[in-house]
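Below, each chain spelled out in residue letters.
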Amino acid sequence: MSIHSLLSSARHGRLLNKDEAIKLLNIDYRSEDFYELISTANYISRTKFNNKGLVFAQIGINAEPCSVNCKFCSMGRDHYSLPVTWRKNAAEILSELELFIANGINDLFLMTTADYPVSSFLETSQVIRKHLPDHIRFVANIGDFNFEAARKLKEAGFTGAYHINRLREGIDTTIKPETRINTLNAIRDAGLDLYYCVEPIGPEHTYDELVTEMLRARYYNAQVMAVMRRIPVKGTPLYDKGQIPAIELTKIAAVAGIVTLPPRAMNAHEVTPMTLLAGVNQLYAEYGANPRDTESETEKNRGFSVERAWHMLWEAGYEITKQN
Ligand code: SF4
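Owing to the predicted nature of the structure, the values given are computational and were not obtained by experimental measurement. (Residues numbered from 1 in each chain as written. Predicted model: local features only at pLDDT ≥ 70, side-chain atom pairs only at ≥ 80, totals over all residues. Heavy atoms only, no water.)

Draft legend 1. A look at the overall build of the protein chain. Of regular secondary structure, the protein chain possesses ten helices and ten strands. The C-alpha atoms of the protein chain give a radius of gyration of 19 Å, which matches the 20 Å a tight globule of 324 residues would have. Considering only C-alpha atoms, the protein chain reaches an extent of 55 × 40 × 35 Å along its principal axes. When contacts within the protein chain are restricted to residue pairs at least 6 apart in sequence, those whose partners lie at least 24 apart make up 71%. Per element, the accessible surface of the protein chain, about 13,200 Å² overall, is 50% carbon and sulfur. Put simply, the protein chain has 36 plus and 39 minus side-chain charges, and the middle of one group is 2 Å from the middle of the other. (Helix = DSSP H or I, 4+ residues; strand = E, 2+ residues; numbered from the N terminus. Rg over C-alpha atoms; globule rule 2.2 N^0.38 Å. Contact = heavy atoms within 4.5 Å. Areas by Shrake-Rupley, 256 points an atom, 1.4 Å probe, with all protein chains shown as cover. Lys, Arg positive; Asp, Glu negative; His and termini not counted. Charge placed at Lys NZ, Arg CZ, Asp CG, Glu CD.)

Here it is, written out as structure tokens:
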């Protein structure tokens, strides 16, 4: 099937298979097919999401060496690159939340490193939940957990969880893919919304690897899909591998949106304006610790603020409907 017929069938709602997705990823940037791909992803996304932009805010609530030792992360124990260690308490998180509410966000994410005790996380989260307006969804981004913990997250007021099988999981990280899958199953079985991402994409990853994760997201009915390029953090083992350019991330975002068809939103990270032409309608504002940053308060360095994220969506022609 030609690229044109393939994209036209996707426009009409056909689910693409692995080979077709890889064929799309092999499109040359200099070809007309490339712009047909971008146009198709843009059409599907703007139609499905009614041209509505969304902003999610994530707070990394601790900056501590993490035993999982991911080879790309500034907080891996053996190559910890942040100047300090800390944990935020509920009062500190609440003062950030006040600002988010004033600026309007759709979802609040709380993120920890993998060793952070689930019991402390639940305790803090229950306090935050009490102050969270009902229209803001509440999402956990933590280490692996079982069904019992997933149920507790739901009881604590979480509506969803960000969880993924990373690219080269078990090779560039010390977590077995089976552990990730068990957590994905727990999220599904507890009725939490899944937020998925193909990450962290580097120049060495094959299209086969990327599509495997896109199809996994579709299998698990991810409500929000994303793609993220790896940021080479100085001092981390994968630093020398470099990064992919924005145009490649844009192509991957377009294919991921078409293949996965998330019902709620499509994201590409870190924030890259070009990707907003290819179906990306949701951006992340980031605060606190961040695996891609050597500053422990990412809002002062790599992190995008909520206001900047809304502005960028506006620049891309998305409808901005903030609820405060
Ligand atoms: S990416 Fe997450 S799990 Fe991996 S070392 Fe960093 S904090 Fe730990």
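Draft legend 2. Representation of the site of the ligand in the model. For the ligand, the full set of nearby residues is Cys 66, Val 68, Asn 69, Cys 70, Cys 73, Gly 76, Thr 113, Ala 114 and Arg 166. Here the residues of the shell around the ligand sort into five nonpolar, three polar and one charged. (Near = heavy atom within 4 Å. Nonpolar A, V, L, I, M, F, W, Y, C, P; charged D, E, K, R; others polar.)

Draft legend 3. Representation of the environment of Thr 179 within the structure. Looking at the secondary structure, you find Thr 179 in helix α7 (residues 177-189). Taking C-alpha positions, Thr 179 is 8.9 Å from Asn 165, a pair spaced 14 residues apart along the chain.

Draft legend 4. Spatial organisation of the side chain of Thr 275. Among the secondary structure elements, Thr 275 is positioned in the loop between β9 (265-269) and β10 (282-288). In this structure the side chain of Thr 275 is engaged in a polar contact, spanning 2.7 Å, whose partner is the backbone oxygen of Thr 272. Not counting the four nearest positions on each side in its chain, Thr 275 is found in contact with Leu 249, Thr 250, Ala 268 and Val 280. (Polar contact = N/O pair within 3.5 Å; in protein donor to acceptor, adjacent residues only side chain to side chain.)

Draft legend 5. Spatial organisation of the nonpolar core. Formed by 100 residues in total, the largest nonpolar core has its most connected members in Leu 108, Met 214 and Val 227. In contact with Leu 108, not counting residues within four places along its chain, are Ala 57, Ile 59, Leu 97, Phe 100, Ile 128, Leu 132, Ile 136, Arg 137, Phe 138 and Val 139. Within the second largest apolar cluster, twelve residues are counted, among which are Val 68, Cys 70, Met 75 and Leu 82. (Core = buried A, V, L, I, M, F, W, Y, C linked by side-chain atoms within 4.5 Å. Buried < 20%, exposed > 50% of the residue type's maximum accessible area, 1.4 Å probe, protein only.)

Draft legend 6. Quick look at helix α1 (residues 3-11). The complete set of buried residues in α1 reads Ile 3, Leu 6, Leu 7, Ser 9 and Ala 10. Buried residues of α1, seen end-on, are gathered within an arc of 160 degrees and therefore sit on one face of the element. On the buried face of α1, the contacting elements are α2 (18-25), α3 (32-48) and α9 (246-260). Gly 13 occupies a position one or two residues after α1 and carries a positive phi of about 100 degrees. (Arc of directions from axis to C-beta.)

Draft legend 7. Quick look at the environment of Gly 202. By the secondary structure assignment, Gly 202 is in the loop between β7 (193-201) and α8 (207-219). Expressed as a C-alpha distance, the spacing of Gly 202 and Gly 235, which sit 33 residues apart in the sequence, is 16 Å. What Gly 202 contacts, discounting residues up to four positions off in sequence, is Arg 230 and Ile 244.

Draft legend 8. Summary view of the side chain of Glu 213. Within the secondary structure, Glu 213 is located in helix α8. A relative accessible area of 4% places Glu 213 in the buried class. With residues near it in sequence (within four places) discarded, Glu 213 still touches Asn 165, Leu 167, Tyr 196 and Val 198.

Draft legend 9. Region of interest: the packing of aromatic side chains. On inspection of all chains with the given rule, the structure shows eleven aromatic pairs. Taking the centre distance of 5.1 Å and the plane angle of 85 degrees together, the rings of Phe 34 and Tyr 35 count as edge-to-face. Linked through ring pairs, Phe 56, Phe 109, Tyr 195 and Tyr 284 together constitute an aromatic cluster. The aromatic ring of Phe 304 is capped on one face by Arg 308, whose charged end is 4.0 Å from the ring centroid. (Phe/Tyr/Trp six-rings, centres within 6.5 Å; stacked < 30°, edge-to-face > 60°. Lys NZ or Arg CZ within 6 Å of the ring centre and 35° of its normal.)

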